[in-house]
Amino acid sequence: MQKTFDKKKFLSQNSIWLVLIVLVIIMSIVQPSFFTINNLLTLLSGEAVKGIMAFGVMFAILSKGIDLTIGASAALVACITASLVQPADYANAILPGVGTLPAPVVILIGLALGAGIGAIYGAIIAYTKIPPFIATLGAQLICRAGAKMYTNRPVSNLSDDFRFLGSYRIGGVFPIIIIVFFVMFAISAFLLTQTRFGKNVYAIGGNDQAARVAGINVEKNLILVYVWCSLCAAIAGMLLAGRAGSADPANSGLNYELDAIAAATVGGTSHTGGICRVSGVLAGILILGVINNGLVMLKVDDNMTNIVKGIIIVGSVILDMRKNAKRA
């Protein structure tokens, strides 16, 4: 028997993408130059760093937690790795005499730093039961202070090899950073839907006590959640440094965690835990990107842009709460 098309179910499952399409249409009408290849590439490359952070923080939110550290840890990793790819004879080198290390080695160092940072505060959350908001807020302050202590000035004059993923354009047109963004999307989707780890995170977010009874090592999986968050932040930080050509301890990644959390929230990741669709988070990233890019093109004041984003975030949470209340 042929199944009938469930219009209500389709709209419910794809409403976030319909919102994105409507926004794109509106922006294209209001500002005709919005829907051009060059502008769309600019939009995607501009949102790639925050988007990669969102792919990490959605795991924390899914587990009924949060991660406020990602912007500051991205800055710390960016400053340390950037200092390792400066020329040895550069007058303002952070580590004079060290020389330029190979980019692949530096990237591995950055990933190791990110994983280590996430493991530390992940373990604190898992074993002390301290609220993730408090633990990651403290870690945020420590990481930002650590970046400023490591260097009191921007780290610049980075090697071309290190900058490749963040700034190179295929054929001089297509930014490599967009490819990295979609690769991280694919990896996140695979982890969440095709691995035991992803299923465990869903279970922990739904009911951590029931997950424990089912034999899931809650503490181990929570640590892995924050390791993944911090790995995404480390990748984002290195891309940010590569794209800008420098790393600033005070401003790199500043408030990026808020946009990442906003994208995950708008994309349908529930703060009550246990509910998340990676495709929805991708749509959330693009929606905020369209708003940012479109309002900039319309020369709207930054404060008004933040007001619009704030309304969207609060509205998304209200809708999420209403959905959960109906399920209950």
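This structure is a prediction, so every number in the text was calculated from the model and none was measured.

Undergrad: Outline the environment of Phe-182, supporting the account with residue identities and numerical values.
TA: Note that Phe-182 resides in helix H7 (residues 176-194). Residue classification places Phe-182 among the partly exposed positions, given a relative accessible area of 35%. In this structure, the C-alpha to C-alpha distance between Phe-182 and Leu-282, residues 100 residues apart in sequence, is 9.3 Å.

Undergrad: Describe the packing of helix H8 (residues 196-206) against helix H10 (residues 218-244), and please don't skip the residues or the numbers.
TA: At their nearest, the axes of H8 and H10 sit 10 Å apart, and the two run at 110° to each other. Considering the angle they form, H8 stands roughly perpendicular to H10. For the pair H8 and H10, contact is made by Phe-197, Asn-200, Val-201 and Ile-204 and by Val-218, Asn-221, Leu-222, Leu-224 and Val-225, respectively.

Undergrad: Please provide a residue-by-residue account of the side chain of Asn-221, values included.
TA: Summarising the element assignment, Asn-221 is placed in helix H10. Here Asn-221 is in contact with Phe-197, Asn-200, Ile-204 and Ile-216, once residues within four sequence places are set aside.

Undergrad: Residue-level account of the side chain of Asp-259, with values.
TA: Mapped onto the elements, Asp-259 comes out in helix H11 (residues 256-266). Its relative accessible area of 14% is what places Asp-259 among the buried residues. Engagement of the side chain of Asp-259 in a polar contact is seen with the side chain of Lys-50, the distance being 2.8 Å.

Undergrad: Describe unusual backbone geometry, naming the residues involved and giving the relevant values.
TA: The phi dihedral of Lys-64 is positive, around 70°, even though this residue is not glycine. Checked against the element boundaries, Lys-64 lands in the loop between helix H2 (37-62) and helix H3 (70-83). Its identity as a non-glycine residue notwithstanding, Lys-129 has a phi of 65°, on the positive side. Mapping Lys-129 onto the fold places it in the loop between helix H4 (103-128) and helix H5 (132-150).

Undergrad: How would you sum up the pattern of salt bridges? Please name residues and give values.
TA: This model, assessed by the stated rule, comprises 3 salt bridges. Here Asp-259 makes a salt bridge to Lys-50, at a shortest N to O gap of 2.8 Å. Note that Asp-259 is positioned in helix H11 and Lys-50 in helix H2, a separation of 209 residues in sequence. Just as Asp-259 is buried, Lys-50 falls in that class too. When salt bridges that share partners are traced, they join Lys-129, Arg-212 and Glu-219 into one network.

Undergrad: Please provide a residue-by-residue account of the packing of aromatic side chains, values included.
TA: Under the criterion given, the structure shown has 7 aromatic pairs. For the pair Phe-181 and Phe-182, a centre-to-centre distance of 5.0 Å together with 65° between the ring planes defines the contact as edge-to-face. For Phe-181, a relative accessible area of 1% translates into the label buried. Aromatic ring contacts, followed pair by pair, group Phe-55, Phe-181, Phe-182 and Phe-185 into a single cluster. Directly above the ring of Tyr-256 sits Lys-50, whose terminal nitrogen or CZ lies 5.0 Å from the centroid.

Undergrad: Explain the nonpolar core to me, using residue names and the numbers behind them.
TA: One recurring pattern in soluble globular proteins: nonpolar side chains tend to sit buried together. Ranked by internal contacts, the top residues of the largest apolar core, which has 90 residues, are Ile-52, Phe-55, Met-58, Phe-59, Phe-162, Met-184 and Val-290. In terms of residues, this core owes the most to one element, H2, which gives 14 residues. Discounting residues that sit within four places of it in the chain, Val-290 has contacts with Leu-20, Leu-23, Val-24, Met-27, Phe-34, Leu-43 and Leu-295. Core analysis: the second largest hydrophobic core is formed by 8 residues, Ile-204, Ile-216, Ile-223 and Val-227 among them.

Calculation criteria
Residues numbered from 1 in each chain as written. Predicted model: local features only at pLDDT ≥ 70, side-chain atom pairs only at ≥ 80, totals over all residues. Heavy atoms only, no water. Helix = DSSP H or I, 4+ residues; strand = E, 2+ residues; numbered from the N terminus. Buried < 20%, exposed > 50% of the residue type's maximum accessible area, 1.4 Å probe, protein only. Axes fitted to C-alpha atoms, helices over the stretch in contact; angles between N-to-C directions. Parallel < 35°, antiparallel > 145°, perpendicular 65-115°, else oblique. Contact = heavy atoms within 4.5 Å. Polar contact = N/O pair within 3.5 Å; in protein donor to acceptor, adjacent residues only side chain to side chain. Salt bridge = Lys/Arg side-chain N within 4 Å of Asp/Glu carboxyl O. Phe/Tyr/Trp six-rings, centres within 6.5 Å; stacked < 30°, edge-to-face > 60°. Lys NZ or Arg CZ within 6 Å of the ring centre and 35° of its normal. Core = buried A, V, L, I, M, F, W, Y, C linked by side-chain atoms within 4.5 Å.

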